[in-house]
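# Structural overview
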Amino acid sequence: MAEKEYAYFSGCSLEGTAKEYDESLRAIMKALGVNLVEPDDWSCCGSTPAHTVDHVFAAALAARNLTLVEKMNKDVLTTPCPSCLMAFKKAQFNMSRDEAFKDEVNGLLDEAYNCGVESKSSLQVIYEDIGLDAIAARVTHIMPDLKVAPYYGCILSRPPEIAQFDDPENPVSMDKVLSAAGIQVQDFAFKMECCGAAFGVPKREMVNRLSGKVLEMAIDAGANCIAVACPLCQQNLDLRQEQVNKTTGSNYNIPVIYFTQLIGLAYGLSPKELGMDKVIVSADSITRRITREEYEKIKADEAAAKKPQKAKKDAAAEETNN
Amino acid sequence: MSEVAAKELRIVGFLCNWCSYGGADTAGVGRFKQPTDLRIIRVPCSGRVDPMFVVRALITGADGVLVSGCHPRDCHYTDGNFYARRRLEMLKRLLPFLGIDDKRFHYTWVSASEGAKWQQVVTDFTKQVHALGPMHQK
Amino acid sequence: MRVGVFICHCGSNIAGTVDVAKVAEEARKMPGVAYATAYMYTCSEPGQKEITDAIERDKLDRIVVAACSPRMHENTFRRTIMKAGLNRYFFEQANIREHVSWIGLDKELNTQKAIEEVRMAVAKVMKNKPLFSSSFKINKRVLVIGGGVAGMQAALDCADGGLEVVMVEKSPSIGGMMARLDKTFPTVDCSICILGPKMVDVAQHDLIKLHAYSEIAEIKGYVGNYQIKIKKKPPYVDWTKCTGCGLCMEKCPTKNAYDHFNFGAAPTRAINIPFPQAIPKKATIDPNHCRQFVKGKCGVCAKVCPTGAINYEMQDEFITEEVGAIITATGYGLMDIERLTEYGGGRYPDVITGIQYERFLNASGPTSGHIIRPSDHEEPKTIVFVACAGSRDKSLGVPYCSNFCCMYIAKQAILTKDHIPDSQSYVFYMDVRSPGKGYDEFTRRAQEEYGAKYIRGRVSRIYPKGKKMVVKGADTLLGTQVEIEADLVVLGTAVVSAPGAAQMAEKLHISYDTFGFYVESHPKLRPVETNTSGVFLAGACQGPKDIPASVGQGSAAAAKVLSLFSKDMLESDPAIAQVNQNTCVGCLKCLKTCPFQAIVEDILRSGKKVAKVIETVCAGCGVCTSTCPCGAIQLQHFTDNQLLAEVNAICQK
């Protein structure tokens, strides 16, 4: 029995190059008891190209889908792709504040949009609506070798007035969500630095340089895996790692995995159903799993071994210090 | 009515000397353009504004009345604007019983440094009064 | 009644958008007006002479001037007509500049509005009554709130002028921010060396009474007669016994108390004397960290104190001081760097504030003058200074410039080279603001003689890489991005208003702006006075400023107080409430609403109960007048009839 139900917009990337993001997200939502319902006949959100051409057109493309959601009698839409999210949020933001703009946009649509839908990223839904406790409760497996650097990319929490989510300079939602799922998260200072985004075709060397920096900093932060929440981030950092290595003379081989896939692994789901084979740099070597009970036992044994030494150390510290 | 008067309506403003009158001065110093309908009467404190003045003005020819004082807690006389706040809110609710549209009366709080805010208050209220039209039809 | 009306051109300020000749012409037609003219600059000497001449020549008995705001020149013109023998209250000023000529460009509409404003003023002045001041005694003692350099200067000047001074300082020691500095720009003088003697003077002056570690609880009264309730906080050390030997501080087992004096640059003991030159040089216990208070057992300081000065049972003590004037010198605060998330403020130990760095530079600071990285205590070789960390940033609510950061960053860059000769300093700046005497030469020295590299551009992010902090910014003169691997980053933090500034302002009945800085009477001409008579400002509480400006304002405020006290009696403002005891029904509603408790009950000889106004306490707000059900109590100069005359002038043409 589904406890929660959301209107769900997968977007085009998740039907193609980012199929594993869609598969893993659906899998973990199912495990968490959340039902995702797609609007009938959804269409392109406009993404990057539309708003560089015309703002009214871009809002119309986005608003068409939002109208479909209104017809479903839903007031919240969730989408895993930050670019789709921005298209929806910007349409909602501008149409609800500017009467004239709203009329112009609705003029392009068959059915008018009444500004009644709030759009949230799937990360936001998981972090705020489902909550860390619920996430932690479903964990069945621990991956002891895994050290993750969470990479947020540019638009999940920026610009702050539109995104209205997490901190625009130091977001922590993905860090906390992964931690709740029992995954070790590194303190990654480069979590929001640009990867080069859509310049992968027109300015490839820029993407190679910027993405290379992100990869380097992740390894520097002690991570052996980067977690992402965006198909474009994943593409630039994963697909282009070989190109980065060729251009910068580096030797990176660090897997870039969707945070939903990592959570899925922690829930004991099979790597196949989470699309783990669809990434270029394989994560097999670092996603060795043991059950939670096994993990807890190992921790208890370690603690017992350290006890006599620790007690001595503690007593000495009390004396001199505090 | 002269051509000049036909462009404007008549709005009477009661401004407290310490904050709002200063705010209107600041707006002037900053050259913040405003519609000319407003005529300002200076009072020492918004607490000095007797609701009787407001009604008198509306009945004898004003199309709108604006009262402005210091922000609550910042009154130069400590409590004056608290009394103003209570009385003027009551007055606003009583105006319809006198057959006067309560949108013709507005009270607000503007400090001496808020020139831009004063400009906004005057512009918005003048627009509001114009939308209602003259108080007494010719 | 013969009213004279003078329309001022104010050069082109008014005449530019108002047809002043037409206004004068219309004024002549108004009932009661015997004379009307337009003049170029009415407030000038010849302008004022025009008025006095006209009064004499045309036997005018009431005057209206249509010009700038009465808040500007009402007093000027009141004095003018006084010279011609009229009562000052037979004057009204119509504001046709700030409220008309400066806010609209339509000459026709403006002229019409000016005419009506004059009509209102004429109607009012015809209802005005002559009012006469009475005199009252003043208490020639002054309260100085704040023991920083501005407050100390004010106190010393007042005391040297023969006045008794009460100084209240909320920290355990006076000295303020200047006491924390190592050196001062542009002379690189040792800060405490020049401040110390002033502190001692304050402590030893016969006429200055210092209440340190105390706060203002309540202020009652009015200019010339204030009653100040002061809360003396308990230091848990009897300061009459404490000799400042410091033994307690040596032996205290709690070593991680927050050090307020060092802005947390390093921890301190739970009982401490803030710095070696502290005045009063007495110990204070911080009950938030002291084990005796937190856990209930310790008592080491009590055991070792040679004079038995420790007293854990001390309580707040309240005393009252009576003064005639107040000088507010409460200083400033600093922005919390945790708000600068892109710089990792508060998250990375090697990103510190300017004042914390200053404490490292100071030989009597927590590191004895050694510059160290807080993370590993190693000496840094590459130091990056970030100017405007928070200032000039609308998104953080600090759109203003903090005044002295450019200067102290240059100073710190110079001192860094002295302390660590093989170091390299970088300064990221937007502009270098060095307007004072010798200031620009000083900032140039930092670059030319001391090798500090100045980079014009903002820092976008600071992040850790290994042991270093990478400072990523722009060099707009070269047009490139810049990344510097720093050992230590110093943020030139934004100056904000002092903590508790708003609450203090409310106690003082003075205004403060959106940022919490206190509002002066006039930004150009009256920087140390407030609109509340008897309360003066000095120093950074009025706005960020450096030491010479603060000292200057301290002396200025003292001069204002000395001139206020130069007479034995002050004249009261006669525009106060008055009760018509014939029409008063004795309901005493006015008594209950008066914010100053200036109304008392009086029994007439006939036995009738009426209200009575205490003249010296009435502040002239008029709340009583709008409360009175029968119009018996009237605020003079703003009576019901006078204000209604203005309403009628607008509404019934």
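Residues numbered from 1 in each chain as written. Chains lettered and ligands numbered in written order. Predicted model: local features only at pLDDT ≥ 70, side-chain atom pairs only at ≥ 80, totals over all residues. Heavy atoms only, no water.

Our next topic: the sheet that holds strand β2 (residues 38–43) of chain B. Adjacent strands of a sheet pair through backbone hydrogen bonds, lying either parallel or antiparallel. Residues and elements named next belong to chain B. The strand order across the open sheet built from four strands is β2-β1-β3-β4, with neighbouring strands paired in parallel fashion. Because the sheet does not close on itself, it has two edges, and the strands there are β2 and β4 (105–109). Averaged over all pairs of adjacent strands, the angle between their axes in this sheet comes to 20°, without regard to strand direction. Alignment of strand β1 (residues 11–16) against β2, held across six bridges, turns out to be parallel. Along β2, the bridge assignment pairs F14 with I41. The sheet strands contacting helix α3 (residues 51–60) are β1, β3 (64–69) and β4, and the helix crosses β3 at an angle near 155°. (Pairing = 2+ DSSP bridges. Helix = DSSP H or I, 4+ residues; strand = E, 2+ residues; numbered from the N terminus. Axes fitted to C-alpha atoms, helices over the stretch in contact; angles between N-to-C directions. Contact = heavy atoms within 4.5 Å.)

With two pairs of chains in contact overall, the contact-richest pair is chains B and C. At the C-alpha level, the nearest point of chain A lies 18 Å from chain B, with no contact between them.

With that settled, consider the state of the cysteines. Per the stated rule, a full pass over the model turns up one disulfide over all chains. Between the sulfur atoms of C:C190 and its disulfide partner C:C193 the distance amounts to 2.3 Å. Looking along the S-S bond of the C:C190-C:C193 disulfide, the torsion reads about 75°, which is the right-handed sense. The class for C:C193 is partly exposed, based on a relative accessible area of 48%. Just so you know, A:C45 is unpaired, no disulfide at all, and the nearest cysteine sulfur is the one on A:C84, 3.8 Å from it. (Disulfide = S-S within 2.5 Å. Buried < 20%, exposed > 50% of the residue type's maximum accessible area, 1.4 Å probe, protein only.)

All names here are of chain A. Considering the arrangement of structural elements, one finds R240 in the loop between α11 (231–239) and α12 (241–248). Here R240 sits buried without a salt bridge, and the closest side chain of opposite charge, E205, lies 10 Å off (N-O distance). In this structure R240 touches G200, R204, V207 and Q235, once residues within four positions along its chain are discounted. (Lys, Arg positive; Asp, Glu negative; His and termini not counted. Salt bridge = Lys/Arg side-chain N within 4 Å of Asp/Glu carboxyl O.)

This part takes up empty space enclosed by the protein. Under the definition given, this model contains eleven cavities of 30 Å³ or more. Along its surface, the largest cavity is lined by 17 residues, and B:I40, B:R42, C:E92, C:Q93 and C:E646 are the ones closest to its centre. Classifying every residue of the lining of the largest cavity gives eight nonpolar, three polar and six charged. (1 Å grid on protein atoms, 1.4 Å probe; cavity = no way out; pocket = protein on both sides within 12 Å on 5 of 7 lines; lining within 4 Å. Points joined across faces, edges and corners; volume = space filled by probe spheres on them. Nonpolar A, V, L, I, M, F, W, Y, C, P; charged D, E, K, R; others polar.)

What follows covers the packing of helix α6 (residues 149–160) of chain C against helix α7 (residues 191–204) of chain C. Residue and element names in this part refer to chain C. One can describe the packing of α6 onto α7 by two numbers: an axis separation of 10 Å at closest approach and a directional angle of 50°. It follows from the interaxial angle that α6 and α7 lie oblique. Judged by the twist between their axes, the crossing of α6 over α7 is left-handed. Residues V149, M152, Q153 and L156 of α6 form the contact with α7, whose own contacting residues are L195, K198, M199, D201 and V202. In the contact of α6 with α7, the residues fall into six nonpolar, one polar and two charged. (Parallel < 35°, antiparallel > 145°, perpendicular 65-115°, else oblique. Left-handed = near helix turned anticlockwise from the far one by under 90°.)

Counting residues at the interface gives 49 residues for chain B, matched by 52 residues for chain C. Of the roughly 4,500 Å² buried between chain B and chain C on both sides combined, carbon and sulfur atoms contribute 57%. Here chain B is connected to chain C by five salt bridges. Linking B:R10 and C:E116 is a salt bridge whose minimum nitrogen-to-oxygen distance equals 3.1 Å. In this assembly, chain B and chain C are joined by 17 residue pairs in polar contact (both at pLDDT 80 or more). Looking at the side of chain B that touches chain C, the element that brings in the most residues is helix α2 (residues 20–29) of chain B, giving seven residues. (Buried area = accessible area lost by both parts, 1.4 Å probe. Polar contact = N/O pair within 3.5 Å; in protein donor to acceptor, adjacent residues only side chain to side chain.)

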